Amino acid sequence: MSENTPFFIGDQGRPLAASFSRSALVHNARRAKQLIPPGGQVLGVIKADAYGHGLLDSAAILRGQVDGFAVLELGAARQLRQQGFDEPILMLEGFHSPAELNAFAALSLSTIIHRLDQIDTLVQANLPSPLPVFLKVNTGMNRLGIPLSEARSAYERLRALSQVSAVTVMTHFADADNARGTAWQLERLQNAWPEVMVCRTSFANSAALLNGPADRHVLGDVVRPGIMLYGASPWGSAVAGKTAVDLGLQPVMTLQSELIAIQDIQAGERVGYGGIFTADRPMRIGVVACGYADGYPRHATHQTPILVDGQRTTLTGRVSMDRLCCDVTHIPTASVGSEVILWGNGLPADAVADSAGTIAYELFCALAPRVPRVWLD
Ligand SMILES: *Cc1c(COP(=O)(O)O)cnc(C)c1O
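Residues numbered from 1 in each chain as written. Predicted model: local features only at pLDDT ≥ 70, side-chain atom pairs only at ≥ 80, totals over all residues. Heavy atoms only, no water.

Section: the layout of surface pockets
So, step 1. Approximately 580 Å³ is the volume found for the largest pocket.
So, step 2. Lining the largest pocket are 29 residues; nearest its centre among them are Lys47, Tyr51, Arg143, His172 and Asn205.
So, step 3. If you list the elements that add at least two residues to the lining of the largest pocket, you get α2 (47-52), α9 (206-211) and α12 (360-366).
So, step 4. Per-element tally for the lining of the largest pocket: the top contributor is α2, with three residues.
So, step 5. In terms of residue class, the lining of the largest pocket is made up of 18 nonpolar, four polar and seven charged.
So, step 6. By volume, the second largest pocket amounts to about 150 Å³.
So, step 7. Around the second largest pocket, the lining comprises 17 residues; the ones closest to its centre are Gly231, Ala244, Pro251, Gly344 and Pro348. (1 Å grid on protein atoms, 1.4 Å probe; cavity = no way out; pocket = protein on both sides within 12 Å on 5 of 7 lines; lining within 4 Å. Points joined across faces, edges and corners; volume = space filled by probe spheres on them. Helix = DSSP H or I, 4+ residues; strand = E, 2+ residues; numbered from the N terminus. Nonpolar A, V, L, I, M, F, W, Y, C, P; charged D, E, K, R; others polar.)

Structure (structure tokens):
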């Protein structure tokens, strides 16, 4: 354990930890609030253990910054209620059985309805109290949602049910983070249902919210940002003007380790399993206490950036279960104990994800349980 990284908390002292910034999470939530239309609401998406950031800690920090939460795991919703979170909670995948619907009602959760037969389940349910429903309409994502042609009649049917306290019309965007955009899906919705905007609506994810404008016709009345709260960009790091920094977001998670060994190798020597990297000159190789069993992507390429002592370098050789290697030939200060940032402060997770053929969402969600976690500031 070295002085410059005082937060390594693993009980064996293995120098690997994920630290999380409270102030960054608050900052990003405020960014989301700034982007919504007047009278709009933000449901902070904290599914998948708050994208790997920790459900209850994240909810406690987001409390007061957002108007409610969205998850899809019943266990997560139950934990939130048990811990005294009485904000609205939207269940993003709806109920999977009549029993689960009863549990939703007992916990005062809002549910989405994404299949017509779920309305029949509601009709037959004997609920302790009516629940708010988000009617999810398929406008082109073709994943969840009732057909456009059924949307209006389903809405009227839900409104008439004693089991339902309020209905919000919801859709999810497939291309908010690329050139196709969101207008085509909203056009389909309005063509099929011209008066839809008299209803309360919920459309935007992070990408749509960050694209703007702050207009309820574009974003809906209730927005559902996830990734932006954690300080990564829905566009990754490659789109000019849309990196996390450009968007005014701050990274919440920093995955940090240390060099635990240095190898001086000759030209022609190979590094790691399978020898997929061969030195073309004498090199110094830094060995980092982090591998794919910690959540670092094994398919990361040799272009993947890493920070050693604050200097940018790249991955060398194949990522193994517990360790990865990097080139420290050009970093004279690099030695055992040198600080290594895998992503986070000073190194956007988006840049790492781009080089590993994935997105920051997956890096965050894959952070392994064995990595010690600590909240800072
Ligand atoms: C996960 C999810 C979101 C959040 O998406 P981000 O891209 O992380 O902002 C919003 N809506 C629904 C329905 C989701 O499943």
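There is more to say, and it comes next.
Here we look at the site of the ligand
So, step 1. The full set close to the ligand counts 14 residues, and Lys47, Tyr51, Ser206, Ile227 and Tyr361 are the nearest of them.
So, step 2. In this structure, Ser206 approaches the ligand through a side-chain N or O atom, which is 2.5 Å from an oxygen atom.
So, step 3. When the free accessible area of the ligand is taken as 390 Å², the share hidden by the protein chains comes to 92%.
So, step 4. Placement of the ligand is best described as lying within the largest pocket. (Near = heavy atom within 4 Å. Polar contact = N/O pair within 3.5 Å; in protein donor to acceptor, adjacent residues only side chain to side chain. Areas by Shrake-Rupley, 256 points an atom, 1.4 Å probe, with all protein chains shown as cover. Sits in = over half its atoms within 2 Å of the grid points.)

Focus: the side chain of Thr182
So, step 1. Topologically, Thr182 is positioned in the loop between β8 (164-170) and α8 (183-192).
So, step 2. If we skip the residues at most four places from it in the chain, Thr182 touches Phe173, Ala176 and Ala208. (Contact = heavy atoms within 4.5 Å.)

A look at the pairing of strand β2 (residues 41-45)
So, step 1. Counting buried positions along β2 gives four out of five residues, so the element sits mostly inside the fold.
So, step 2. Of the pairings in the sheet, the one linking β2 to strand β10 (residues 222-223) comprises two bridges and is parallel in character. Note on β10: the bridge partner recorded for Gln41 is Val222.
So, step 3. Of the strand pairs in this sheet, β2 and strand β3 (residues 68-71) are connected by three bridges, and their pairing is parallel. Bridging from a neighbouring strand, Gly44 pairs with Phe69 of β3. (Buried < 20%, exposed > 50% of the residue type's maximum accessible area, 1.4 Å probe, protein only. Pairing = 2+ DSSP bridges.)

Here's the deal with the pairing of β8
So, step 1. The element β8 is extensively covered by neighbouring structure, given that five of its seven residues are classed as buried.
So, step 2. Following the chain from β8 across α8 to the adjacent parallel strand β9 (residues 200-202), one finds a crossover that is right-handed. (Right-handed = clockwise from strand over helix to strand, strands pointing away.)

A look at the nonpolar core
So, step 1. Ranked by size, the top nonpolar core spans 122 residues in total, and within it Ile46, Leu122, Tyr296, Leu342, Trp343 and Phe364 carry the most contacts.
So, step 2. With near-sequence residues (within four places) excluded, Leu342 lies in contact with Leu16, Leu255, Gln256, Ser257, Val288, Cys290, Tyr296, Pro305, Leu324, Leu347 and Val352.
So, step 3. Membership of the second largest hydrophobic core comes to eight residues, among which are Ile265, Phe277, Met283 and Ile285. (Core = buried A, V, L, I, M, F, W, Y, C linked by side-chain atoms within 4.5 Å.)

A closer look at the environment of Arg115
So, step 1. Here Arg115 is to be found in the loop between β5 (110-113) and α6 (117-124).
So, step 2. What makes Arg115 partly exposed here is its relative accessible area of 40%.
So, step 3. Expressed as a C-alpha distance, the spacing of Arg115 and Pro147, which sit 32 residues apart in the sequence, is 8.8 Å.
So, step 4. In terms of polar contacts, Arg115 uses its side chain to reach the side chain of Asp117, at 2.7 Å.

Some details on the confidence of the model for the chain
So, step 1. Residues of the chain with pLDDT of at least 70 account for 97%, and the chain-wide mean is 95.
So, step 2. Contacts for the low-pLDDT stretch residues 1-6, under 50 throughout, to residues beyond four places or in other chains number eleven contacts. (pLDDT = per-residue confidence, 0-100.)

So, the side chain of Asp221
So, step 1. Inspection of the secondary structure puts Asp221 in the loop between α10 (216-219) and β10.
So, step 2. Note on Asp221: relative accessible area 16%, which makes it buried.
So, step 3. A polar side-chain atom of Asp221 sits 2.7 Å from a polar atom in the side chain of Arg216.
So, step 4. Each residue touching Asp221, except ones within four places of it in the same chain, is listed here: Gly40, Gln41, Cys199, Arg200, Thr201, Ser202 and Arg216.

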